[in-house]
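Breakdown of the fold
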Number of protein chains: 2
Amino acid sequence: MEAQGQLEFDGVPYLDGHASDPRLLGWMQGTPPAPERRVQFGDDRFLDFPQIRWSLSHMRELLPTVNVWRGRGPSHTLGTPSEADMARIDALAFTDMQGRARTWASSLPDTYTDGLLVLHRGRCIYERYFGALQPQLPHSCFSITKSYAATLAAKLVHEGLLQDTQRIPHWLPEMRGTAYEDATLREVMDMQVGVAYSELYADANADIWNYARAGGLRPRPSGYAGPGSFYEYLRTLQPEGAHGQAFAYKTVNTELMCWVMKQVTGQPLAQMLSEQLWEPLGCEEDAYLTVDPLGVPMGGGGLHASLRDLARFGELMRREGDWGGRQLLPAAVVADIRRGSDPAKFAKAGYTLLPGYSYRSMWWVTHNELGAFEGRGIHGQRLYVAPKAQMVVARFASHPVAASAANDPITLPMLLALGRVLA
Amino acid sequence: MEAQGQLEFDGVPYLDGHASDPRLLGWMQGTPPAPERRVQFGDDRFLDFPQIRWSLSHMRELLPTVNVWRGRGPSHTLGTPSEADMARIDALAFTDMQGRARTWASSLPDTYTDGLLVLHRGRCIYERYFGALQPQLPHSCFSITKSYAATLAAKLVHEGLLQDTQRIPHWLPEMRGTAYEDATLREVMDMQVGVAYSELYADANADIWNYARAGGLRPRPSGYAGPGSFYEYLRTLQPEGAHGQAFAYKTVNTELMCWVMKQVTGQPLAQMLSEQLWEPLGCEEDAYLTVDPLGVPMGGGGLHASLRDLARFGELMRREGDWGGRQLLPAAVVADIRRGSDPAKFAKAGYTLLPGYSYRSMWWVTHNELGAFEGRGIHGQRLYVAPKAQMVVARFASHPVAASAANDPITLPMLLALGRVLA
């Protein structure tokens with residue numbers, strides 16, 4: 001039984017979406033903020049709940065970042081949702097995976113939503129912001145970053161600049177003697193690499209935290225003697241099991257893929273995102289990427305974008321790469337992602353809430369009745385593209401639990417319900 | 001005698017403006033950059049020459065920052081200079097303070113210019129970029145930040161929200177027992193405070209470096225036990241001499257002034273700059289401010305702006321606060337700055353290259369034939385407003401020597417020469 005103002009996940013109580021509103025809690029309010037209201041990089045609590053409800057909309061104030069420029073052109077218009085559309089969607093009823101009857105509107109605080117936007121046939125029919133997020137503020141995309149990066153990688157494969165059957169040392173000889181010595185680029189892009197590396201966010205000893213410290217994304221303990229950068233960390237990774245057998249979600253794969261892309265194109269990721277997406281899409285705001293101590297952007301999770309600009313990328317994918325008559329992405333690249341990969345290999349990873357899914361070029365492919373595919377990031381970030389419903393949903397959140405499994409029981413049925421209405 | 005490819009300052013040889021071009025030297029080029037090409041915060045060499053030629057255009061990649069939003073409106077147009085105007089200015093001859101005959105064009109590398117833009121009657125007649133700077137990239141303004149902040153403070157005084165005859169503890173009781181206990185806001189704004197604090201950049205033991213470490217702008221030694229933020233540092237400052245007697249340039253005054261502004265308005269500096277200048281001026285790009293570990297922006301020197309946007313602020317000052325019929329700054333505020341303060345108090349500070357100057361609301365007032373007043377920042381940053389020539393010059397640079405005295409012998413005669421032509 002959850003107490004008033006609380007929600008429980010795995011038996012642990014947290015302030016609920018209303019009670020944890022960062023404006024209410026006063027994070028970083030005051031001149032200077034009182035010690036108990038501070039969100040600081042140095043104390044390593046900036047991603048703790050509930051301060052994460054502030055920090056995911058303010059990450060550049062805590063970490064070094066590189067700009068993703070929107071260019072000088074006019075912004076692409078999404079339109080303004082009508083009150084009738086908003087009310088209709090807010091009232092939408094659905095049943096969550098635990099069998100609880102819910103409405104769309106009441107589900108937003110229960111998924112710690114910071115912002116949610118729905119496009120139908122390219123027109124904005126729903127847009128709301130909560131807590132620390134504002135329309136112009138970039139919010140952490142976390143692993144939706146991977147979908148951006150791998151879509152650009154798939155484009156390079158399509159163009160012949162990369163061959164996805166090649167093994168990694170073809171581009172990066174320094175990766176000989178690591179888990180990636182005999183992994184192909186395609187195995188990396190589809191996360192079917194046998195590498196000893198754990199990404200269980202709830203485990204304080206998981207490798208993901210060593211990776212974060214190497215990249216300067218978490219404070220390093222005094223006397224730290226570990227790797228000083230992402231690349232240095234990647235060179236320490238050892239094999240565990242065979243490649244190509246099963247889906248195994250590991251952020252280091254994306255970082256390695258981005259290293260290959262940089263090696264081949266000579267272009268920093270921020271420049272590729274700017275020239276190939278932000279500028280031609282007519283994004284409204286600059287985005288940014290967190291960078292490591294060598295200036296290498298975190299391709300595995302460092303992108304921060306405005307909600308509208310995230311939705312625009314989803315819309316480009318829904319339109320199969322066509323943007324007002326200009327083909328920004330080859331249609332074949334989008335089609336390949338939508339087809340997904342082998343669900344049998346995905347099933348081995350044990351995501352019980354995601355039956356029938358596959359994973360292709362760092363998108364999560366539902367294979368559901370809407371033909372939907374998703375970009376997914378920890379703490380509730382989501383870009384849901386449902387071609388058969390002509391729907392795109394972009395959501396930012398600051399859920400207390402990193403793993404998407406904590407919000408999927410609400411998120412997936414609510415998105416499916418709306419998609420069915422719009423289909 | 002200077003060797004080929006070198007310039008000497010105080011007998012120390014440095015690579016000249018051409019030889020130190022950061023593209024030529026390959027700073028941060030490579031995947032990853034080779035150790036000798038890295039510019040990193042952690043090694044505390046990121047402001048050393050010649051890597052500073054890269055870092056002043058890339059500061060956000062090294063430090064946490066807060067955005068100064070340009071809003072959603074169209075940008076204000078400056079126009080494109082004609083080739084004839086550019087050639088005419090490039091060929092302009094003048095004699096520097098050492099008696100050497102120079103041309104405008106050849107002076108640019110000798111002052112390590114990263115970008116220079118001239119407005120005449122509001123129209124751009126000259127614009128060039130060098131090295132790491134590009135038109136859309138924000139560059140360090142360093143202490144031109146002070147001119148922005150104090151102009152907004154002077155506006156608050158004009159509007160009656162601040163009274164510049166009040167003493168600092170009126171707003172900040174925590175400053176009792178410090179040098180600021182009996183200093184008035186006006187003494188702070190005009191830098192006539194008797195405070196024990198040294199800002200001799202060439203001295204590694206100067207207080208400015210302790211201030212920088214407190215604010216997280218330089219790495220802290222292991223076991224660091226000094227102040228953890230700007231505000232904490234300010235509370236340590238002790239009196240030295242009387243207030244109101246002489247100009248004494250000390251960045252901590254600006255930081256304190258910004259603290260008062262935040263206390264009174266409740267608005268962060270980034271928001272004030274956005275709403276009162278960036279948005280109504282129609283700036284082209286977002287700007288940013290470096291922030292300390294409590295998220296407090298460095299009002300004394302943390303602003304980074306594009307060259308064109310810097311020029312727009314100068315143009316607003318030239319137009320006495322009027323921007324296309326909208327009075328963004330009270331004309332009386334600009335007039336007060338242009339009038340300057342008492343040159344006799346300025347003279348006591350011993351700036352031999354700046355005879356007859358005074359300092360008012362954190363602008364350097366020349367009292368010269370052009371009625372010019374300047375925003376000045378270390379390493380060559382300059383915003384020169386010359387009302388009688390209807391001229392504004394914005395310059396970014398990355399000079400090896402921090403003190404403006406290293407470039408004034410060229411800069412001041414060249415700006416005066418152009419102003420005389422345009423007057």
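Residues numbered from 1 in each chain as written. Chains lettered and ligands numbered in written order. Predicted model: local features only at pLDDT ≥ 70, side-chain atom pairs only at ≥ 80, totals over all residues. Heavy atoms only, no water.

Points about the overall build of chain A
Stated precisely, the cut-off is as follows: Secondary structure elements follow DSSP: runs of H or I of four or more residues count as helices, runs of E of two or more count as strands, with numbering from the N terminus. For the radius of gyration, the atom set is restricted to C-alpha positions; the globular benchmark scales as 2.2 Å times the number of residues to the power 0.38. Two residues form a contact once any of their heavy atoms are found within 4.5 Å. Only the protein chains shown count as covering a residue, and every accessible area follows the Shrake-Rupley method with a 1.4 Å probe. His residues and chain termini do not enter the charge count, which takes Lys and Arg as positive and Asp and Glu as negative. Lysine's charge is taken at NZ, arginine's at CZ, aspartate's at CG and glutamate's at CD.
On a plain count of helices and strands, chain A comes out with 14 helices and 17 strands. Against the globule reference of 22 Å for 423 residues, chain A gives a C-alpha radius of gyration of 20 Å, in line with a compact fold. Seen along its three principal axes, the alpha-carbon backbone of chain A occupies a region of about 55 × 55 × 45 Å. A separation of at least 24 residues holds for 65% of the contacts in chain A among residues at least 6 apart in sequence. Accessible surface, chain A as shown: approximately 15,200 Å² in total, 50% of it carbon and sulfur. In chain A, 40 positive and 45 negative side-chain charges are present, and the distance between their average locations comes to 4 Å.

Side note on the environment of A:Gly324
Residue and element names in this part refer to chain A. To keep things clear, this is the line we draw: The buried label goes to any residue with under 20% of its type's maximum accessible area, the exposed label to any with over 50%, and the partly exposed label to all in between, with areas taken from a 1.4 Å probe on protein chains only.
Within the element layout of this structure, glycine 324 appears in the loop between β11 (322-323) and β12 (326-327). According to the relative accessible area criterion, glycine 324 is exposed, its value standing at 74%. Sequence separation of glycine 324 and leucine 281 is 43 residues, and the distance between their C-alpha atoms is 9.5 Å.

Overview of the nonpolar core
Residue and element names in this part refer to chain A. Condition: Take the buried Ala, Val, Leu, Ile, Met, Phe, Trp, Tyr and Cys residues and link them wherever side-chain atoms come within 4.5 Å; each set so joined is a nonpolar core. What fixes the domain bounds is an automatic or database domain assignment.
One finds Trp104, Val118, Ile168, Tyr180, Met257, Leu273 and Trp278 to be the most contacted residues of the largest nonpolar core, which totals 143 residues. Two domains each put at least three residues into this core: domain 1 (6-64) and domain 2 (123-422). In contact with tryptophan 278, not counting residues within four places along its chain, are Val68, Trp69, Arg70, Tyr148, Leu273, Cys283, Glu285, Asp286, Ala287, Leu303, Ala305 and Asp309.

Details of the pattern of salt bridges
This is how the line gets drawn: A pair is scored as a salt bridge if a Lys or Arg side-chain nitrogen falls within 4 Å of a carboxyl oxygen belonging to Asp or Glu.
As enumerated under the stated definition, the model contains 56 salt bridges over all chains in all. For B:Asp408, the salt bridge goes to B:Arg376, with nearest N and O atoms at 2.5 Å. One end of the pair, B:Asp408, is in helix α14 (residues 408-422); the other, B:Arg376, is in strand β15 (residues 373-377), and 32 residues separate them in sequence. We note that B:Asp408, like B:Arg376, is buried. Close ionic contact of B:Asp408 with B:Arg382 constitutes a salt bridge, the shortest N to O distance being 2.6 Å. With B:Asp408 in helix α14 and B:Arg382 in strand β16 (residues 381-386), the pair connects residues that are 26 residues apart, well separated along the chain. By relative accessible area, B:Asp408 is classed as buried at 2%. Given a relative accessible area of 1%, B:Arg382 falls into the buried group. The structure contains a network of salt bridges with shared partners spanning A:Arg72, B:Glu127, B:Glu284, B:Arg308, B:Asp309 and B:Arg312.

Points about the interface of chain B and chain A
Formally: Here the quantity called buried area is the accessible surface, traced with a 1.4 Å probe, that two parts lose on coming together, added over both. Side-chain atoms alone can form a polar contact between residues adjacent in sequence; in general such a contact is a pair of N or O atoms within 3.5 Å, and within protein one must be able to donate a hydrogen while the other accepts it. Residues are grouped as follows: Ala, Val, Leu, Ile, Met, Phe, Trp, Tyr, Cys and Pro are nonpolar; Asp, Glu, Lys and Arg are charged; every other residue, Gly included, is polar.
Taken together, the contact between chain B and chain A spans 32 residues of the former and 32 residues of the latter. Counting each side, the surface lost to burial between chain B and chain A is near 2,700 Å², with a carbon and sulfur contribution of 48%. Its largest share of buried area at the contact with chain A, chain B owes to B:Thr31, B:Arg60 and B:Leu294, together 27% of the area lost on that side. If you look at where chain B meets chain A, you find two salt bridges. Here B:Glu284 ties to A:Arg72 by a salt bridge, and the two come within 3.6 Å at their closest N and O atoms. Where chain B meets chain A, there are 14 residue pairs in polar contact (both at pLDDT 80 or more). Across the side of chain B that touches chain A, the residue classes break down as 15 nonpolar, eight polar and nine charged.

As for the relation of the copies chain B and chain A
Here two copies of a chain appear, and what relates them is a rotation about an axis with a shift along it. As a reminder of what qualifies: The copies were overlaid with a least-squares fit restricted to C-alpha atoms from residues scoring a pLDDT of at least 70 in each copy.
At an RMSD of 0.0 Å, chain B and chain A line up after a rotation of 180° and a shift of 0.0 Å along the axis. Such values leave the two copies arranged in the relation of a two-fold axis. The position closest to the rotation axis in chain B is occupied by the C-alpha of B:Pro64, lying 2.4 Å away. Comparing interface residues between copies, 100% of those in chain B also sit at the interface in chain A, which points to an isologous, same-surface contact.

Thoughts on the packing of helix α5 (residues 144-158) of chain A against helix α12 (residues 331-339) of chain A
Geometry of a packed helix pair, given as the angle between the helix axes and the separation of the axes. Residues and elements named next belong to chain A. Counted only if it meets this: Angular values range over 0 to 180 degrees, each being the angle between N-to-C directions of two axes fitted as lines to C-alpha atoms, with helices fitted over their stretch in contact. In these notes the angle categories are as follows: under 35 degrees is roughly parallel, over 145 is roughly antiparallel, 65 to 115 is roughly perpendicular, and the rest is oblique. By definition, any crossing whose near helix is turned counterclockwise from its far helix by less than a right angle is left-handed, and any crossing with a clockwise turn is right-handed.
Remark: α5 packs on α12, axes separated minimally by 9 Å, with the N-to-C direction vectors making an angle of 120°. Of the possible angle classes, the one that applies to α5 and α12 is oblique. Between α5 and α12 the crossing geometry is right-handed. In this structure, α5 contributes Thr151, Ala154, Lys155 and His158 to the contact, and α12 contributes Ala332, Val333 and Ile337. A class-by-class count of the residues in the contact of α5 with α12 yields four nonpolar, two polar and one charged.

Notes on the domain arrangement of chain A
Residue and element names in this part refer to chain A. Once the domains are mapped, chain A shows domain 1 (6-64) and domain 2 (123-422). The C-alpha centroid of domain 2 is placed 25 Å from the C-alpha centroid of domain 1. Contacts between the two partners involve 21 residues from domain 1, matched on the other side by 26 residues from domain 2. When residues of domain 1 are sorted by the area they lose upon contact with domain 2, Phe9, Leu56 and Ser57 head the list and together hold 29% of the total.

Considering the packing of helix α5 (residues 144-158) of chain B against helix α11 (residues 307-318) of chain B
Residue and element names in this part refer to chain B. It is the contact of α5 with α11, at a shortest axis distance of 12 Å, that shows an interaxial angle of 45°. As the angle between them shows, α5 and α11 are arranged oblique. Crossing geometry of α5 relative to α11 is assigned as left-handed. Of the residues in α11, those in contact with Ile144, Ser147, Tyr148 and Thr151 of α5 are Asp309, Leu310, Phe313 and Met317. In the contact of α5 with α11, the residues fall into five nonpolar, two polar and one charged.

Regarding unusual backbone geometry
Residues and elements named next belong to chain A. Of note, the amide linkage connecting threonine 31 to proline 32 takes the cis form, showing an omega dihedral of -5°. The omega torsion across phenylalanine 49 and proline 50 is 5°, close enough to zero to call that bond cis. Within the fold, proline 50 resides in the loop between α1 (22-25) and α2 (52-55). Phi is positive for histidine 367, close to 55°, though the residue is something other than glycine. Mapped onto the elements of the fold, histidine 367 is located in the loop between β14 (363-365) and β15 (373-377). The exposure class assigned to histidine 367 is partly exposed, which follows from its relative accessible area of 37%.

Concerning the packing of aromatic side chains
Test applied: Note on ring pairs: Phe, Tyr and Trp rings are taken, using the six-membered ring of Trp, and paired if centres are within 6.5 Å. Classes follow the plane angle, with under 30 degrees stacked, over 60 edge-to-face and the rest tilted. Should the NZ of a Lys or the CZ of an Arg lie within 6 Å of a ring centre and within 35 degrees of the ring normal, that charge is described as sitting over the ring.
Here the structure, examined in full by the defined rule, presents 56 aromatic pairs over all chains. Aromatic side chains B:Phe9 and B:Tyr112 sit 6.3 Å apart centroid to centroid with 55° between the ring planes, which places their arrangement in the tilted category. Of the two residues, B:Phe9 sits in strand β1 (residues 6-9) while B:Tyr112 sits in the loop between α4 (104-110) and β6 (113-120), which places them 103 residues apart along the sequence. No difference in accessibility class separates B:Phe9 from B:Tyr112, as the two residues are buried. These aromatic residues form a ring-pair network of at least three members: A:Phe247, A:Tyr249, A:Phe346, A:Tyr351, A:Tyr357, A:Tyr359 and A:Trp364. Sitting above the plane of the A:Tyr288 ring, A:Arg60 keeps its charged end 5.9 Å from the centroid. One Lys or Arg, A:Arg218, reaches over the ring of A:Phe46 and ends 5.3 Å from the middle of that ring.

Regarding the state of the cysteines
Rules: Cysteine sulfur atoms are paired as a disulfide whenever they fall within 2.5 Å.
This model, assessed by the stated rule, comprises zero disulfides over all chains. Unpaired in terms of disulfides, A:Cys258 finds its nearest cysteine sulfur in A:Cys141, a separation of 14 Å. There is no disulfide at B:Cys124, and the cysteine sulfur nearest it, in B:Cys283, is 15 Å away. Judged by relative accessible area, which is 1%, B:Cys124 ranks as buried.

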